[in-house]
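Close look at the chain arrangement
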Amino acid sequence: MPNWTAKQEREYEHIKDSYRGRGRSGEKAAEIAARTVNKQRREHGETPQHKTQGTGNPNRPLSERTKAELQNLARSRQIAGRSRMNKAELVKSLQH
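What follows concerns the packing of aromatic side chains. In this structure the tally under the stated criterion is 1 aromatic pair. One cation-aromatic arrangement involves Arg 22 over Tyr 19; the distance from NZ or CZ to the ring centre is 4.8 Å.

Pasting the structure below:
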């Protein structure tokens, strides 16, 4: 895998083998393992955070999400004027 350490490679293989043992297909097990290792890399600051990464945890209230997450959510809902809105305005428009 790209730019992974030897430890991360071993972890990837271990996770993949674990999911294969639980009955997942090889392709799905590989995807889950790669996502897990990449998530840990992001959390440890090994990869750059991009504003376009997502809409945040859907179980968290809108007011607790970042402005970038709210803008991404507004983009997915095609809310007009979102680029000029502040965080409070984004929350209000997304609640409707």
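The next thing to look at is the nonpolar core. Ranked by size, the top nonpolar core spans 9 residues in total: Leu 62, Leu 70, Leu 73, Ala 74, Ile 79, Met 85, Leu 90, Val 91 and Leu 94. Of all the elements in the fold, those that place two or more residues in this core are α3 (67–76) and α4 (87–95). Setting aside residues up to four positions removed in sequence, Leu 90 forms contacts with Lys 67, Leu 70, Gln 71, Ala 74, Arg 82 and Met 85. Listed in part, the 7 residues of the second largest apolar core include Trp 4, Ile 15, Ala 33 and Ala 34.

Here Arg 65 is to be found in the loop between α2 (26–43) and α3. Here Arg 65 is buried and forms no salt bridge, its nearest opposite-charge partner Glu 69 lying at an N-O distance of 5.5 Å. For Arg 65, the side chain forms a polar contact with the main-chain oxygen of Asn 57, separated by 3.3 Å. Here Arg 65 is in contact with Thr 55, Gly 56, Asn 57, Pro 58, Arg 60, Leu 70, Leu 73 and Lys 87, once residues within four sequence places are set aside.

Quick notes on the rules
- Residues numbered from 1 in each chain as written.
- Predicted model: local features only at pLDDT ≥ 70, side-chain atom pairs only at ≥ 80, totals over all residues.
- Heavy atoms only, no water.
- Phe/Tyr/Trp six-rings, centres within 6.5 Å; stacked < 30°, edge-to-face > 60°.
- Lys NZ or Arg CZ within 6 Å of the ring centre and 35° of its normal.
- Core = buried A, V, L, I, M, F, W, Y, C linked by side-chain atoms within 4.5 Å.
- Buried < 20%, exposed > 50% of the residue type's maximum accessible area, 1.4 Å probe, protein only.
- Helix = DSSP H or I, 4+ residues; strand = E, 2+ residues; numbered from the N terminus.
- Contact = heavy atoms within 4.5 Å.
- Lys, Arg positive; Asp, Glu negative; His and termini not counted.
- Salt bridge = Lys/Arg side-chain N within 4 Å of Asp/Glu carboxyl O.
- Polar contact = N/O pair within 3.5 Å; in protein donor to acceptor, adjacent residues only side chain to side chain.

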